[in-house]
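# Fold and contact review
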Amino acid sequence: MSEHKQINEETLENLLYLSRLSPESTDMATLKKQVDEIIGYFEILSKYDDSENPYDAYPKTEAEKLRADEIVPGLEMNRVKKINEPNFMDGYFQVPKVLGEGA
C-alpha cells in the first residue's frame, strides 16, 4: 500500500482542526501513517466498478399496483352511532383518559 498518495502536513492540520483534535493530544507520525492507510483503502475501492445503480437493490413500487385515487363514500353517522352507542355522546366519541395520574 505504499504506492498511493500520501497526505501532506497542511491537509493533516486541516483534518485535525475539523475533527477537533489537537496536535498535542496525539502522535503526529502515527496519525499521518493511519490517514495514509485510509487513503490507500479508498484508492483500492475506487478501482471497482460503481456504475451500477445502488437503488437497484431495493424493490420497486409500480404505480399500477397502487390503490386507485377515487373518492368513496364513508361511514354513515347513524350506523356509527348504533355500533358505538355507549361511547357516543353529543356527536363525539368517548375515549379513555390518557393524561393524569396514569401517564
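Look above for the structure.
All values derive from a computational prediction rather than experimental measurement. (Residues numbered from 1 in each chain as written. Predicted model: local features only at pLDDT ≥ 70, side-chain atom pairs only at ≥ 80, totals over all residues. Heavy atoms only, no water.)

## Quick look at the packing of aromatic side chains
What counts, and what does not: Side-chain rings of Phe, Tyr and Trp (the six-membered ring for Trp) are treated as a pair once their centres are within 6.5 Å; stacked means planes under 30 degrees apart, edge-to-face means over 60, and tilted covers the remaining angles. Here, a charge over a ring is recorded when the distance from Lys NZ or Arg CZ to the ring centre is within 6 Å and its angle to the ring normal is within 35 degrees.
The tally for this structure, following the rule as stated, stands at zero aromatic pairs. Taking the ring centre of Tyr17 as reference, the NZ or CZ of Arg20 above it sits at 5.3 Å.

## Some points on a nonpolar patch on the surface
Quick note on the threshold: Patch membership is restricted to residues that have no salt bridge and whose relative accessible area is over 30%. Joining uses 9 Å for like charges and 5 Å for the nonpolar side chains Val, Leu, Ile, Met, Phe, Trp and Tyr. The protein chains shown are the only cover counted for residues, whose accessible areas, like all others here, come from Shrake-Rupley with a 1.4 Å probe. Salt bridge, as applied in this entry: a Lys or Arg side-chain nitrogen positioned within 4 Å of an Asp or Glu carboxyl oxygen. Labels follow the DSSP assignment, with helices taken as runs of H or I lasting at least four residues and strands as runs of E lasting at least two, numbered in each case from the N terminus. Think of it in three bands: with a 1.4 Å probe and only protein chains considered, a residue is buried below 20% of the maximum accessible area for its type, exposed above 50%, and partly exposed in between.
On the surface, a nonpolar cluster with roughly 670 Å² of combined accessible area is contributed by Ile38, Tyr41, Phe42, Ile44, Leu45 and Tyr48. Within the secondary structure, Tyr41 sits in helix 2 (residues 28-46). The exposure class of Tyr41 is partly exposed, given its relative accessible area of 44%.

## A short note on the pattern of salt bridges
All chains considered together, the criterion is met by one salt bridge. Linking Lys32 and Asp36 is a salt bridge whose minimum nitrogen-to-oxygen distance equals 3.2 Å. Taken together, the residues span about one helical turn, with Lys32 and Asp36 both in helix 2 at a distance of four residues. Assigned by exposure class, Lys32 and Asp36 land together as buried.

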